[in-house]
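# Residue-level structural notes
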Amino acid sequence: RDDDDINDVASMAGVNLNEESARIMATNSDLVGTQIQSCKDEPFLAAIPLHKRILETAKKLGITDVPAEVVTFISHATQNRLRTVIEKVTVITQHRMESYKDDEWYEQATDVRSQLKFFEQLERLEKQRKDEQEREILLKAAKSRSRQEDPEQARLKQKAKEMQQQELAQMRQRDANLTALAAIGPRKKRKLDAPGLLTIGGEGVGVCGGSQAGLGTASPRQYPRQKITRVNLRDFIFYMEQEREMSHSLLLYRALLK
């Protein structure tokens, strides 16, 4: 009945699938159940120093012999653990770098930067007010013409004189700067030789098509920049605080002291 089925292409071609399966199983029977790897299983850590370190720890527990399989297993476990730590810390760093300013589901509650600018402006105004008061006091002391002057009055007059000289020097410097800028004239933008020519390090690099003569034939294809995730100590401390094994460890205590 199966042979008469018009959809059975193998039967129409004269191929018996049962015989072919039995022949394949008989030929490759030694490979059935085995695991084949395309590359050599190399340990992540150096085998000799790691084996020596394991032996030093094992001797304290009364173990004198440690096979090479244990060294390989510990090396792979270290690699897996390090990969897990890097992945988690990377996720923490990416969450820290996320910005919700343009997200429609979030609204800004406080702006610390604007608050700091406001306080700086208040301090600047307060300092300016105190300087104006001191300047008025010095000017009044300089205009006084009393015959008997005390040492404090003489000191105020000297300070007022120094302040006037300093203001005069600043005005002269400002006038000299304005004169120099007027003599130089407005700054002119440097014109490129062609609209598609970029200047990098003093040499022209052509990025236009081949229809313009004299330009380079560099391809306009731009390669995307690789995004770099920079993990700082604060991210790693946050990771250790969330981990049960490391939340009360000596390593976290040392990291908090730095």
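Residues numbered from 1 in each chain as written. Predicted model: local features only at pLDDT ≥ 70, side-chain atom pairs only at ≥ 80, totals over all residues. Heavy atoms only, no water.

Going by what an unreviewed UniProt entry lists, the chain is known as TAF4 factor and is assigned to Hylia prasina. Quoted verbatim from the Subcellular location (unreviewed entry) field of the UniProt record, the comment on the chain reads "Nucleus". Listed under Sequence similarities (unreviewed entry) in UniProt, the entry text for the chain is "Belongs to the TAF4 family." (UniProt positions renumbered as here; feature names shortened; annotations may be inferred.)

## Observations concerning the side chain of S75
Its place among the elements puts S75 in helix α4 (residues 68-97). Given the relative accessible area of 0%, S75 is considered buried. For S75, the side chain forms a polar contact with the main-chain nitrogen of F44, separated by 2.7 Å. A distance of 2.8 Å separates the side chain of S75 from the backbone nitrogen of L45, its partner in a polar contact. (Helix = DSSP H or I, 4+ residues; strand = E, 2+ residues; numbered from the N terminus. Buried < 20%, exposed > 50% of the residue type's maximum accessible area, 1.4 Å probe, protein only. Polar contact = N/O pair within 3.5 Å; in protein donor to acceptor, adjacent residues only side chain to side chain.)

## Points about the packing of α4 against helix α7 (residues 233-242)
With their axes 9 Å apart at the nearest point, α4 and α7 run at an angle of 115° to one another. In terms of crossing hand, the pair formed by α4 and α7 is right-handed. Residues R81, V85, K88, V89, I92, T93 and R96 of α4 pack against D235, F236, F238 and Y239 of α7. Here the residues of the contact of α4 with α7 sort into six nonpolar, one polar and four charged. (Axes fitted to C-alpha atoms, helices over the stretch in contact; angles between N-to-C directions. Left-handed = near helix turned anticlockwise from the far one by under 90°. Contact = heavy atoms within 4.5 Å. Nonpolar A, V, L, I, M, F, W, Y, C, P; charged D, E, K, R; others polar.)

## Here we look at helix α6 (residues 151-184)
The end-to-end C-alpha separation of α6 is 50 Å, in line with the 50 Å expected for 34 residues at 1.5 Å each. Among all positions in α6, only Q153, L156, A160 and M163 are buried. Check the buried side of α6 and you find it contacts α5 (112-143). (Expected span 1.5 Å × (residues − 1).)

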